[in-house]
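Descriptive analysis of the structure
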Amino acid sequence: QVRLVESGGGLVQAGGSLRLSCAASGIFGSYAMGWFRQAPGKEREFVGAVAGSGGSTAYADSVKGRFTVSRDNAANTVYLQMNNLKPEDTAVYYCAARVGRISTTPQAIGYWGQGTQVTVSS
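We now turn to the structure provided with this report.

Cut-offs and rules
Residues numbered from 1 in each chain as written. Predicted model: local features only at pLDDT ≥ 70, side-chain atom pairs only at ≥ 80, totals over all residues. Heavy atoms only, no water. Disulfide = S-S within 2.5 Å. Helix = DSSP H or I, 4+ residues; strand = E, 2+ residues; numbered from the N terminus. Buried < 20%, exposed > 50% of the residue type's maximum accessible area, 1.4 Å probe, protein only. Pairing = 2+ DSSP bridges. Axes fitted to C-alpha atoms, helices over the stretch in contact; angles between N-to-C directions.

Regarding the state of the cysteines
Under the definition given, this model contains one disulfide. The residue that forms a disulfide with cysteine 22 is cysteine 95, at a sulfur-sulfur distance of 2.1 Å. The S-S bond linking cysteine 22 to cysteine 95 shows a torsion near -80°; that makes this disulfide left-handed. Taken together, the residues span a long stretch of sequence, with cysteine 22 in strand E3 (residues 18–25) and cysteine 95 in strand E9 (residues 91–99) at a distance of 73 residues. Look at cysteine 22 and you get buried, because its relative accessible area is 0%.

Some words on the sheet that holds strand E8 (residues 77–82)
Ordered in space as E1-E3-E8-E7, the four strands form an open sheet in which the pairing is antiparallel. Each edge of the open sheet carries a strand with a single partner, namely strand E1 (3–7) and strand E7 (67–72). Within the sheet, the average angular offset between the axes of one strand and its neighbour, ignoring direction, is 15°. When E7 meets E8, the two strands line up antiparallel, connected through six bridges. Paired with aspartate 72 across the two strands is threonine 77, which belongs to E8.

What to know about unusual backbone geometry
Of note in this structure, asparagine 76 is not a glycine but carries a positive phi near 50°. As for its placement among the helices and strands, asparagine 76 is situated in the loop between E7 and E8. For asparagine 76, a relative accessible area of 27% gives the class partly exposed.

Structure (structure tokens):
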């Protein structure tokens, strides 16, 4: 059974940092892992992802230079380090997994976590 469990969300002031973690079971090494987010009234959007090998990453333009996705295959965990957070980063953040290559479209994702709230105050 596949399970993705996020942790690390919370409330932070603008300019601050948070690190999200996603513990995976039932899958890992051959799956691309990543993060999407969804703000109230908006569609779910791609944030960043890392390939199964950990050798390549992809990011949304809005977070490049501020967010970093990494994975620890030994621990079956993927991370999202978020620095210089902005109020517009406020959203529910979802861990995502799919077989094969990184995808930036929600429709291509095979598995989702339950989400964790990130709130950035101005």
